[in-house]
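# Commentary on secondary and tertiary structure
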Amino acid sequence: MLVTSEALPLAKTGGLADAVSGLARALRDASVDATILMPAYPSALDAAIELEMVAELPGLVGGDATVWAGWAADAEIPVLLLRNDALYMRPGNPYVDPDGREFPDNAIRFAALAQAAQRISMGATPIRVPHIVHAHDWHAALTPLYLHAAGVKRPKTVLTIHNLAFQGNFPLSLADELGIPPAYRGSDGVEFWGQLNFMKAGLRYADRLTTVSATYAREILTPDFGNGLEGVLCQRTHELKAIPNGIDAEIWDPSIDPFLPEHFSALDMRGKVRNKLEMQRAFGLPTDPEAPVLAMGSRLTAQKMADVAVEIFPRLLAAHPRLQVAVLGCGERSVEEKLRALAEQHPRNLGVHIGYDERRGHLLHAGADMLLHGSRFEPFGLTPLYSMLYGTVPIASRVGGLADSITGLSSEPGAEVGAATGILFDGQTPDDMLRAVEHALSIFAQPHKWTALQKNGMTTHFGWEAPAAQYLNLYRSLAPVAPVGAPMVARRSGVIAPQAAPDVRKRA
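Before going into details, it helps to say that this report is about the structure given with it.

How each quantity is defined
- Residues numbered from 1 in each chain as written.
- Predicted model: local features only at pLDDT ≥ 70, side-chain atom pairs only at ≥ 80, totals over all residues.
- Heavy atoms only, no water.
- Salt bridge = Lys/Arg side-chain N within 4 Å of Asp/Glu carboxyl O.
- Helix = DSSP H or I, 4+ residues; strand = E, 2+ residues; numbered from the N terminus.
- Buried < 20%, exposed > 50% of the residue type's maximum accessible area, 1.4 Å probe, protein only.
- Contact = heavy atoms within 4.5 Å.
- Axes fitted to C-alpha atoms, helices over the stretch in contact; angles between N-to-C directions.
- Parallel < 35°, antiparallel > 145°, perpendicular 65-115°, else oblique.
- Nonpolar A, V, L, I, M, F, W, Y, C, P; charged D, E, K, R; others polar.

### Quick look at the pattern of salt bridges
Under the counting rule described, the total for this entry stands at 23 salt bridges. Between Arg281 and Glu278 there is a salt bridge, with the nearest N and O atoms lying 3.1 Å from each other. In this pair, Arg281 and Glu278 are both assigned in helix 11 (residues 271-282), 3 residues apart and thus about one turn of the helix distant. The salt bridge involving Arg435 is made with Asp432; its shortest N-O contact spans 2.7 Å. You can see Arg435 and its partner Asp432 sitting in helix 17 (residues 430-444), 3 residues apart, about one turn around the helix. Taking the relative accessible area as the measure of exposure, Asp432 reaches 16% and is therefore buried. Residues joined in a network through salt bridges with shared partners are Lys12, Asp18 and Glu358.

Following this line, the structure appears as structure tokens:
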């Protein structure tokens, strides 16, 4: 059972949703009975199909709740939705209101999710007890603590760290309300500088820990990247494993992508030109197939160095009058406002869309020539992988998963492309980023090198098969006698269903 705050197509704010749904699909393709448990947000209820109430959960923190079983539409993944309308039926996204303010009861909302996972795992519902409970990030990280406090030896628990910078810190005074026993509230438990830390709870009590890239696994053991939890992690290095994310090839493939006006591939890239023209129109830019287009699609935050990007855009546009920049994302209000102001100053060269929609997201990767993806830290980094598969060359920071997944082109004059798939840079200053973009533009002016970079990226395999196999080995090490099943046999409503799928209560 995968416990998460978001998953495609039910709810998405970032890469967590892609990673969880991609893993779930890959596990089921490997005949593993994987089910997602997450809150019943309005978007989740809208995107799920064949929902049926399968369990009542009285007395959870935040109030009585129910569990609804169904399927993620068009995703072949069974889901369990925790329904408490007072907690989850709200405008905004899973974490913040429409004005970008965090919900003040987030501790209660996600503790309820963990308590629901605990009850299912202890056989307190009609839902089948899982062999492994796999919690994702801080939102689900109380799950291992609740099971540990209840003295549960089976099922075993895994916590995956998708981003250690987000930890779920709340007043320690909430411990009673959240049902955290006194013995778990000290510095060797959930206490963190006088607060209650959800992520620390998972790091302390999960049976195994994973994170999403080898470089990030090393980085988080240091004060620079550990965000105060490096000491806890160093105590568990022998139980920390790096398993990279993959890409769902059924969603991200330019040869079949339904969002694109024309398909293309590494063998025939002619369709990329039409996508470029469509992307330029979508961002209000003049249609010019020869103009270099630099895209930026990410959260507009300091982590993603968006504050640095807004500093270099005017300098780039002044030096390269034909350059176009397209930005898609949302985040810090100050960055959003600066981008809007720059777009007003440069209406023919800078297109900005604050927010996110799937069509623009796919067009951005398919139509741009290069993707700017600065990052002060990056656990994995799915966006540059999407760009590579779509023939858009990433310009990225040499940190975390970016350093693992992108082969950087040498900056030495006259260097051959070789196996390079993008451009990596060190440092966090505007000049550091500017030099990297200038390097990319100089290679863009050499079509034979640029095409080689594109094709190297497009032919790199980033599928979920290998990561799913690593997770399966991890699960087997924790539950060696667990059966592997869920044969895919019946097609129902356009969804591949496991045998006996109509009785979803028997699957978890």
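Don't stop here, the text continues.
### Considerations on the side chain of Ser121
Looking at the secondary structure, you find Ser121 in helix 4 (residues 106-121). For Ser121, a relative accessible area of 2% corresponds to the buried category. Setting aside chain neighbours within four positions, we find Ser121 in contact with Met1, Val129, Pro130, Val133, Leu147, Arg154 and Pro155.

### Brief notes about the packing of helix 1 (residues 15-29) against helix 19 (residues 465-478)
Across the interface, helix 1 lies against helix 19 with an axial gap of 9 Å and an inter-helix angle of 75 degrees. What the angle tells us is that helix 1 and helix 19 run roughly perpendicular. Across from Leu23, Ala26 and Leu27 in helix 1, the residues of helix 19 making contact are Ala468, Tyr471 and Tyr475. Along the lines of polarity and charge, the residues of the contact of helix 1 with helix 19 split into 6 nonpolar, no polar and no charged.

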